[in-house]
Amino acid sequence: MAAPDRRRPKGQDDLVDWFTVSYRSIYIAVGLVALLAGGVGYYYYTRNVPAPTLPIAPPSTVTTARFTTIEGNVKVKTVGTFEWVNADPTMVLRKSDLVRTGPGGAAEIAFFDGTLVHVRPDSLITIEETSEDPSTKRRRVAWHISSGEVQFKAPRPTAAGAEREISTPTLRTTTHEAAAGGVAVQESGESSVKLYQGTAKVETKTGQTVQLEANTQIKVDAAGKAAPAQNLPPVPVLLAPQHQAEITYQDPSRATTLLLWKPVPGATGYHVMLDYSAYFNRPLVDRSGIKDASQEIRGLDAGKYYWRVAAVDKEGVEGSFSDFARFTVSRPQGGGRGSGDPPLLAIDSLEVRQSILQVRGRTEPGATVTVNGQRVDVASDGGFNEFIQLPGDRPGRQMVVIRSVGINGGVMETKRSVMVGE
């Protein structure tokens, strides 16, 4: 008996094949739709979700030092070089650079944190540090004195704090606050620290530590042993000639100018300096051992002069110099001024350090120049370079009036705005 034929009828097979193809097509279509929807969703998601923000590095601080004043012979040897070159205001001073001043030479250096360092004549210093911690923003400046003398003034530190360090071969002085003082190294190897403002810690190479208060000094011998701290005499008060005074003599070469100041209690002597410059680098008069609170100066030529005084006590300790006073010696001038074309008046630079304005410029030869009403000396070629004391009790923006009157009576005037520090 033959087996039954189990094959589907031809029409039934076609129907099964159609359903199979249809199901596969549906699956493929659904997959394509899902893939397309995912792509569209990803596109819009990435378009609307902001890109991750990368951390922005804080602006870096330029941690360098620069010359603000160069007087006379000043040399620099930059790190990695062997040649001394003449200093100039465009130089940038960095760690391990050396600065040397010759006889009569001096320089003022401004660190990035506002610390001012005045290098006196015949001195050699090394810039040891000028940096800011990138994470804490704490600032640090340091310099080493191999020989000579340095006066410094450190401003009030920022909220992050600051450290100033002055070292010599036998000691290290550190201050973290607003301070002013002087550090000197003698030929004998002895070092001394005078602190006029603020507080400072002095550490010697023998391991001694001394805390200095304002208006005190300490001396350390060549072996690194510190003597007891000493109080400094008070600062003298200048009486005459007063600042910005003008003294007229018929014949200045035969005249006598009296310098007068208030006696300082406990002082047994005084140190008087007179110079053409407010930096007292090449003093015309440099006298110590003066017993009275006055000094006569004979035969001053017509011109401008700066003077200051320091008191000395019975132990021979010299205190801080007074702020300078400027006076002018002149001859009588007769006749009136007519009118004419205004003279040339070119201002080359205006620089303010605290409340002292230095103005450099040019006018016509023979012209008369005043700054805020104060007469200044004009060289034979018409150039002038003047230091003017601005009102220090009004820190901030101040207006400076510079006026030139030509020999024919013409007038030229310019006004400049300057910033006066605290």
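Going along each chain's sequence as written, the residues are numbered from 1 onward. A pLDDT threshold of at least 70 governs which residues receive local features in this predicted model, and a stricter bar of 80 or more applies before side-chain atom pairs are shown or counted, although totals over entire chains, interfaces and linings include all residues. In computing side-chain values, all of the structure's heavy atoms are included and hydrogens and water are not.

Undergrad: Report on the packing of aromatic side chains, specifying residues and quantitative values.
TA: Within 6.5 Å between ring centres, the rings of Phe, Tyr and Trp (the latter by its six-membered ring) count as paired, and their orientation is classed by plane angle as stacked under 30 degrees, edge-to-face over 60, tilted in between. Evaluation of the coordinates by the stated rule reveals nine aromatic pairs. Here Trp 143 and Phe 152 contribute two aromatic rings whose centre-to-centre distance is 6.2 Å and whose plane-to-plane angle is 65°, an arrangement assigned as edge-to-face. Grouping residues by exposure puts Trp 143 and Phe 152 together as buried. For the ring pair Tyr 306 and Phe 324, a centre distance of 5.1 Å and an interplane angle of 80° mean the geometry is edge-to-face. One end of the pair, Tyr 306, is in strand 24 (residues 303–313); the other, Phe 324, is in the loop between strand 24 and strand 25 (325–330), and 18 residues separate them in sequence. As far as burial versus exposure is concerned, Tyr 306 and Phe 324 are alike and both buried. Between the NZ or CZ atom of Arg 308 and the centre of the ring of Phe 280, over which it lies, the distance is 4.2 Å. Working definition: with a 1.4 Å probe on protein chains only, accessible area under 20% of the residue-type maximum means buried, over 50% means exposed, and in between means partly exposed. In this text, helices come from DSSP runs of H or I with a minimum length of four residues, and strands from runs of E with a minimum of two, each type numbered from the N-terminal end. Two limits define a charge over a ring: the Lys NZ or Arg CZ must be within 6 Å of the ring centre, and within 35 degrees of the ring normal.

Undergrad: Which residues make up the sheet that holds strand 25, and what values do they have?
TA: The strand order across the open sheet formed by five strands is 19-25-24-21-22, and the pairing between neighbours is mixed. The strands lining the two open edges of the sheet, one partner per strand, are strand 19 (245–248) and strand 22 (285–290). Here the average twist between neighbouring strands, direction ignored, is 25°. A pair of strands is considered paired only if DSSP assigns at least 2 bridges between the two. With five bridges joining them, strand 24 and strand 25 adopt antiparallel strand pairing. Each bridged residue has a counterpart across the sheet, and for Gly 303 the counterpart in strand 25 is Val 329. Lines are fitted to the C-alpha atoms to define the axes, a helix being fitted only along its stretch in contact, and any angle between axes, read from their N-to-C directions, falls within 0 to 180 degrees.

Undergrad: Tell me what's going on with a nonpolar patch on the surface, and back it up with residues and numbers.
TA: Taken together, the side chains of Val 237, Leu 239, Leu 258 and Leu 260 make up a nonpolar region of the molecular surface, amounting to roughly 290 Å² of accessible area. For Val 237, a relative accessible area of 42% corresponds to the partly exposed category. Patches here: salt-bridge-free residues with over 30% relative accessible area, like charges joined within 9 Å, nonpolar side chains (Val, Leu, Ile, Met, Phe, Trp, Tyr) joined within 5 Å. Only the protein chains shown count as cover for residues, with accessible areas throughout obtained via the Shrake-Rupley method and a probe of 1.4 Å. Throughout this description, the term salt bridge denotes a Lys or Arg side-chain nitrogen within 4 Å of a carboxyl oxygen of Asp or Glu.

Undergrad: Account for unusual backbone geometry, naming residues and giving values.
TA: With an omega of 0°, the peptide bond between Ala 240 and Pro 241 qualifies as cis. Looking at the element boundaries, Pro 241 is found in the loop between strand 18 (238–240) and strand 19. Positive phi values are uncommon outside glycine, yet Asn 215 reaches one of about 65°. In this fold, Asn 215 is placed in the loop between strand 15 (209–212) and strand 16 (216–220). The residue Gln 244 is not glycine, and still its phi comes out positive at about 75°.

Undergrad: Quick rundown of the nonpolar core? Include the residues and the values.
TA: Judged by nonpolar contacts, the single largest core of 35 residues is most densely connected at Phe 67, Ile 109 and Trp 143. Top element by residues in this core is strand 9 (residues 139–154). It accounts for five residues. Ignoring any residue separated from it by four or fewer positions in sequence, one finds Phe 67 in contact with Val 74, Val 76, Ala 87, Asp 88, Pro 89, Met 91, Leu 93, Val 99, Ala 107, Glu 108 and Ile 109. Definition used in this section: a nonpolar core is a set of buried Ala, Val, Leu, Ile, Met, Phe, Trp, Tyr and Cys residues joined via side-chain atoms within 4.5 Å. The next biggest cluster of nonpolar side chains, apart from the first, holds 22 residues, and it includes Val 264, Leu 274, Leu 300 and Val 329. Residues count as neighbours in contact if any of their non-hydrogen atoms are within 4.5 Å of one another.

Undergrad: Can you tell me about the pairing of strand 14 (residues 200–204), naming the residues and giving the values?
TA: Side chains Ala 200, Val 202 and Thr 204 project from strand 14 onto a buried face, and the interleaved Lys 201 and Glu 203 project onto a face without burial. As paired elements, strand 11 (residues 171–175) and strand 14 share four bridges and run antiparallel to each other. Opposite Leu 171, over in strand 14, you have Thr 204 as the bridge partner. Relative to strand 15, strand 14 runs antiparallel, the two being bridged by four bridges. Paired with Lys 201 across the strands is Gln 211, a residue of strand 15. Count of turn residues in the strand 14/strand 15 antiparallel hairpin: four residues, of which Gly 207 carries a positive phi of about 100°.

Undergrad: With reference to specific residues and values, describe the environment of Ile 70.
TA: Residue position: Ile 70 is located in strand 1 (residues 65–71). Considered as a pair, Ile 70 and Thr 101 are 31 residues apart in the sequence and their alpha carbons are 9.5 Å apart. Once you skip the residues sitting within four places of it in the chain, Ile 70 turns out to touch Ala 87, Asp 88, Pro 89 and Ala 106.

Undergrad: Any chance you could break down the pattern of salt bridges for me, citing the residues and the numbers?
TA: Taken as a whole and assessed by the stated rule, the structure comprises 17 salt bridges. Residues Glu 165 and Arg 172 are paired through a salt bridge, measuring 3.0 Å at the closest nitrogen-oxygen approach. Note on Arg 172: relative accessible area 37%, which makes it partly exposed. Among the ionic contacts, a cluster of salt bridges with common partners joins Lys 95, Glu 129, Arg 140, Glu 163, Glu 165 and Arg 172.

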